[in-house]
Amino acid sequence: MKGRAGWLFLLPWIVGFLAFTAGPMVFSLWLSLHHYDMLKPPQYIGLDNYREALTDERVGTALGNTLFFTALHVPAQVVLALALAGLLRRAGRAAGFFRTVVYLPVMTPPVALAALFLLLLNGQHGAINAFLGWFGFTGPNWTTDPVWIKPGLVVMSLWTVGSTAVLYLAALTRVPLERYEAARLDGASAWRQFWHITLPGISGTVYFTVVVNTIASLQVFTEAYTMFFGARGQQSGEGDAALFYVIHLFREAFESLRMGYASALAWGLFVVIALVTAVQVRLSRRYVHYEGEQG
Amino acid sequence: MKRVAVWSGLLVVAVAFGYPFWWLVSASLKDRPHVFDNALLPSPFTPGNYVEVWRAVPLLTWTFNSVAVGVAAALAATAGSAVVAFGFAMFRFRGRDLLFGVVLATMMLPGAVTMVPVYLEWHALGLATTQVPLWAQNLFGSAFYIFLLRQFFLALPREVFDAARVDGASAWRLFTSMAVPLARPGLIVVFVFELKAAWTDLVKPLIYLRDPALYTLPRGLKTVLDRFGEGGEAQWELVLAASTVATVPMVALFLVAQRYFVRGTVTQHVE
């Protein structure tokens, strides 16, 4: 079909894009050059917000926490999801059941998840340390020791690895079985088969999940905010170890009502995410193979 | 031997992913001194926690709000995205592919960038402390759902549409009476996906809702945690009962609509 009717169907999106994406971006850029507390009209202050962000110690802490969490969380997520997908693939008729078990945590509201893991990760009585105790390990104080708060959050995040695992499972079923047969005839070990057939076969999916997970991870908010901020956040010392970038941004905007400064912080995050993604795109050119791209 | 390894692996998976659920429900039925005892079955069995948390906070109101906001958000997302996706799938005109590229590009845009300005927009409209911002934006379609539904519409047989077009059916009629019924599985995917997203979201309720009577369950749950959790009255059994109430409907929805969730997850992979 041709013609103007098509544009009419796109109209909702165009309006929404202008009102909720493009417009806000321009507005945010303008706002970042102003001081605005919602009480007095915005006051132009040039690049002061950006200057402040660069010297704000808490921005440094928040950015460091966020990058550290991402560097831990994304690889852990990928490795565990791959292992799970491999296992689910061999589950035969029980695969549906195990897929359900693995996916259910994804359905849990993050706030409920955070409340639950606050208890499971408890240093004294938590089930996770009790489990470690069976093997003679004394588990750390995951929720109070600043050194262990981020690893604890990573452990918690692994519980929702199911959505990535389901994606890998779908990708695995698209790798042609003949390749494995040929490799087995050549006497290739399981490890070599994984490295030379499986991984290249699903590298497009792995790359996609790494990029998407990284972008999400750099904006991590809900679980850490639920566990360490809010009503009790102000009084607790461990808050700084869980101060992630978007939490800092959120508090500057909606608790301190520094809308201009928060906008500058948002653009800082935008630049960080764009840089990290650009690096990943460059690396992908070397390692990602798409089906049908080469012989 | 290999089978033994696979099945022991699967057993570990079942326990590791299933146990926290079991713990949540079980501990929500324990009395206060036993919350941390890690016993599989609650003893003494204390269903009264649910009554107590119900008395302490308006759990039923929050559940109702979550259902209302969730259904509104899901309906809006499905309707809005379907209209736009139909436009992209069925019409050919200059600039279409460029525009579709913009749609895909917005998927990569960090949500944090528009958080503050969009809040100020709703504030200017006088709606910043209502539930409207929690669902109304979905009416304009969102990138991932547009992409997903476009795939569904592209898979429909073109000849049927062309024939109906020649017979004089309007584009809107083709959309409502042919495309929508045929693409029903796709619409269900979008509906359940957005229902889940709205049901579980904390960020928007945290930004927009001030009045506890308007809270959704996650927002209410955060209040419960602040009041009865660490630094508060340390009545964890109430926190856990409220958490269970927020979790169970989503688990039930997943068990009913499982294949739609998995399909939605898998289509996330932009091929």
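Here the structure is a predicted model, which means the values were calculated and not measured.

**Thoughts on the overall build of chain B**
For chain B, the helix and strand inventory stands at 13 helices and 0 strands. Tracing chain B from N to C terminus, the helices and strands come up as α-α-α-α-α-α-α-α-α-α-α-α-α. Taken along the three principal axes of its C-alpha coordinates, chain B extends 75 × 65 × 30 Å. Here chain B, with 271 residues, has 52% of them falling under the buried criterion.

**Thoughts on the overall build of chain A**
Assigned secondary structure in chain A consists of 14 helices and 2 strands. Classification of the 295 residues of chain A by burial places 53% in the buried group. About 13,800 Å² of surface is accessible on chain A, with carbon and sulfur atoms providing 65% of the total. Seen as two clouds, the 20 positive and the 16 negative side-chain charges of chain A have centres 11 Å apart.

**Examining the UniProt feature "transmembrane region" (unreviewed entry) in chain B**
Residues and elements named next belong to chain B. Sequence positions flagged by UniProt for "transmembrane region" (unreviewed entry) are, in local numbering, residues 67-91, 98-120, 132-153, 174-193 and 238-257. In the segment residues 98-120, helix accounts for 83% and strand for 0%; the C-alpha atoms at its two ends are 30 Å apart. Within the segment residues 238-257, helix and strand shares are 95% and 0% respectively, and the terminal C-alpha atoms sit 30 Å apart.

**Thoughts on the interface of chain B and chain A**
Each partner contributes residues to the interface: chain B has 91 residues there, and chain A has 94 residues. Each partner contributes to the roughly 8,200 Å² buried at the junction of chain B and chain A, and carbon and sulfur atoms together form 79% of this total. On inspection of chain B and its partner chain A, the count reaches 0 salt bridges. Where chain B packs against chain A, one counts 9 residue pairs in polar contact (both at pLDDT 80 or more). With 14 residues, helix 1 (residues 2-27) of chain B is the single largest residue contributor to the side of chain B that touches chain A.

**Observations concerning the nonpolar core**
Within the largest apolar cluster, 175 residues are counted, with the highest numbers of intra-cluster contacts made by A:Leu153, A:Leu249, A:Met259, B:Trp23, B:Phe86, B:Tyr119 and B:Phe153. It is helix 3 (residues 59-90) of chain B that provides the largest number of residues to this core, a total of 12 residues. Counting residues domain by domain, this core receives three or more from each of domain 1 (1-46) and domain 2 (57-270) of chain B. For A:Leu249, the residues in contact, after removing those within four places along its chain, are A:Ala262, A:Leu265, A:Ala266, B:Ala112, B:Met115 and B:Val116.

**Concerning the packing of helix 6 (residues 143-154) of chain B against helix 13 (residues 258-267) of chain B**
When two helices pack together, you describe them by how their axes are tilted relative to each other and by the distance separating the axes. Residue and element names in this part refer to chain B. With their axes 10 Å apart at the nearest point, helix 6 and helix 13 run at an angle of 100° to one another. Relative to helix 13, the element helix 6 lies roughly perpendicular. Taking contact as the criterion, the partners of Phe-144, Phe-147, Leu-148 and Phe-152 in helix 6 are, on helix 13, Arg-263, Gly-264 and Thr-267. Here the residues of the contact of helix 6 with helix 13 sort into 4 nonpolar, 2 polar and 1 charged.

**Here's the deal with the packing of aromatic side chains**
We describe a pair of aromatic rings using the distance from one ring centre to the other and the angle between the two ring planes. A full pass over the atoms with the stated rule returns 41 aromatic pairs over all chains. Centroid distance A:Phe97 to A:Phe98: 5.1 Å. Interplanar angle 80°. Geometry classified as edge-to-face. A ring pair is formed by A:Phe254 and B:Tyr119, whose centres lie 5.0 Å apart and whose planes are at 85°; its orientation type is edge-to-face. Of this pair, A:Phe254 sits in helix 13 (residues 245-255) while B:Tyr119 sits in helix 5 (residues 112-124), on two different chains. Here the two residues A:Phe254 and B:Tyr119 agree in accessibility, since each one is buried. In this structure, A:Arg258 is placed above the aromatic ring of A:Tyr261, and the distance from its NZ or CZ to the ring centre is 4.3 Å.

**A few points about the UniProt feature "domain: ABC transmembrane type-1" (unreviewed entry) in chain B**
Here the UniProt-annotated "domain: ABC transmembrane type-1" (unreviewed entry) positions come out as residues 63-257 of chain B. The annotated region residues 63-257 of chain B carries 73% helix and 0% strand content, and the separation between its end C-alpha atoms amounts to 20 Å.

**With respect to the UniProt feature "transmembrane region" (unreviewed entry) in chain A**
Residue and element names in this part refer to chain A. This chain's UniProt record puts "transmembrane region" (unreviewed entry) on residues 7-31, 67-88, 100-121, 152-173, 194-216 and 259-279. Summarising residues 7-31: 100% helix, 0% strand, and an end-to-end C-alpha distance of 32 Å. When the span residues 152-173 is considered, its composition is 77% helix and 0% strand, and the gap between its end C-alpha atoms is 33 Å.

**A short note on the packing of helix 4 (residues 95-107) of chain A against helix 1 of chain B**
Orientation of helix 4 of chain A relative to helix 1 of chain B, taken along the N-to-C sense of each, is 35°, at an axis distance of 9 Å. Between helix 4 of chain A and helix 1 of chain B lies a crossing of left-handed hand. Together, A:Phe98, A:Val101, A:Val102, A:Leu104 and A:Pro105 of helix 4 of chain A and B:Trp7, B:Leu10, B:Val13, B:Ala14, B:Phe17, B:Gly18 and B:Phe21 of helix 1 of chain B make up the contact between the two elements. A class-by-class count of the residues in the contact of helix 4 of chain A with helix 1 of chain B yields 11 nonpolar, 1 polar and no charged.

**Considering the domain arrangement of chain B**
As a measure of interface size, the accessible area lost when the parts come together is often cited. Residues and elements named next belong to chain B. Domain annotation for chain B reports domain 1 (1-46) and domain 2 (57-270). Computed from C-alpha atoms alone, the centre-to-centre distance between domain 1 and domain 2 is 32 Å. Taken together, the 10 residues of domain 1 in the interface contact 10 residues of domain 2. Here domain 1 meets domain 2 over a buried area of about 770 Å², counting both sides, of which 72% is carbon and sulfur. Together, Leu-24, Ser-28 and Arg-32 form the three largest contributors to the area buried by domain 1 at its contact with domain 2, with a combined 58%. Counting across the interface, domain 1 meets domain 2 through 1 salt bridge. Where Arg-32 meets Glu-237, a salt bridge forms, and the shortest distance between an N and an O atom there is 2.9 Å. Our count for the contact surface shared by domain 1 and domain 2 stands at 2 residue pairs in polar contact (both at pLDDT 80 or more). Partitioning the side of domain 1 that touches domain 2 into residue classes produces 7 nonpolar, 1 polar and 2 charged.

Analysis parameters
As a convention, each chain's residues are numbered from 1 in the sequence order in which they are written. Just so you know, chain letters begin at A and ligand numbers begin at 1, following the order they were written in. Whole-chain, interface and lining totals are the exception, using all residues; otherwise, since this is a predicted model, local features are given only for residues with pLDDT of at least 70 and side-chain atom pairs are given and counted only at 80 or more. Hydrogen atoms and water are omitted, and side-chain values are computed over all heavy atoms in the structure. Strands are runs of DSSP state E lasting at least two residues, helices are runs of H or I lasting at least four, and both sets are numbered from the N terminus onward. Note on exposure labels: buried denotes an accessible area under 20% of the residue type's maximum, exposed denotes more than 50%, and partly exposed covers the range between, all computed with a 1.4 Å probe on protein chains only. Areas reported here follow the Shrake-Rupley algorithm with a probe of radius 1.4 Å; residue values treat only the protein chains shown as occluding. Counted charges follow a simple rule, with Lys and Arg positive, Asp and Glu negative, and His plus the chain ends left uncounted. By convention, charge coordinates are those of NZ in Lys, CZ in Arg, CG in Asp, or CD in Glu. UniProt positions are given in the numbering used here, feature names are shortened, and annotations may be inferred rather than shown by experiment. In this description, contact between two residues means that some pair of their heavy atoms is separated by no more than 4.5 Å. Accessible surface is computed with a 1.4 Å probe, and the buried area is the amount of it that two parts give up when combined, taken over both parts together. A pairing counts as a salt bridge when a side-chain nitrogen of Lys or Arg comes within 4 Å of a carboxyl oxygen of Asp or Glu. Whenever two N or O atoms come within 3.5 Å, that pair is a polar contact, provided that in protein one can donate a hydrogen and the other can accept it, and provided that, for residues adjacent in sequence, both atoms are side-chain atoms. Definition of nonpolar core: a set of buried residues of the types Ala, Val, Leu, Ile, Met, Phe, Trp, Tyr and Cys, connected through side-chain atoms within 4.5 Å. Those domain boundaries reflect an automatic or database domain assignment. For helices, the axis comes from a line fit to the C-alpha atoms of the stretch in contact; other axes are also lines fit to C-alpha atoms, and the angle between any two N-to-C directions lies between 0 and 180 degrees. Oblique is the label for every angle not falling under 35 degrees (roughly parallel), over 145 degrees (roughly antiparallel), or within 65 to 115 degrees (roughly perpendicular). Polar here means any residue other than Ala, Val, Leu, Ile, Met, Phe, Trp, Tyr, Cys and Pro, which are nonpolar, and Asp, Glu, Lys and Arg, which are charged; Gly is therefore polar. Whether two aromatic rings pair depends on their centres lying within 6.5 Å, for rings of Phe, Tyr and Trp, where Trp uses its six-membered ring; planes under 30 degrees apart make the pair stacked, over 60 edge-to-face, and the rest tilted. We call a charge positioned above a ring when the Lys NZ or Arg CZ atom is no farther than 6 Å from the ring centre and deviates by at most 35 degrees from the ring normal. Each crossing gets its hand from how the near helix is turned against the far one by less than a right angle, where anticlockwise is left-handed and clockwise is right-handed.

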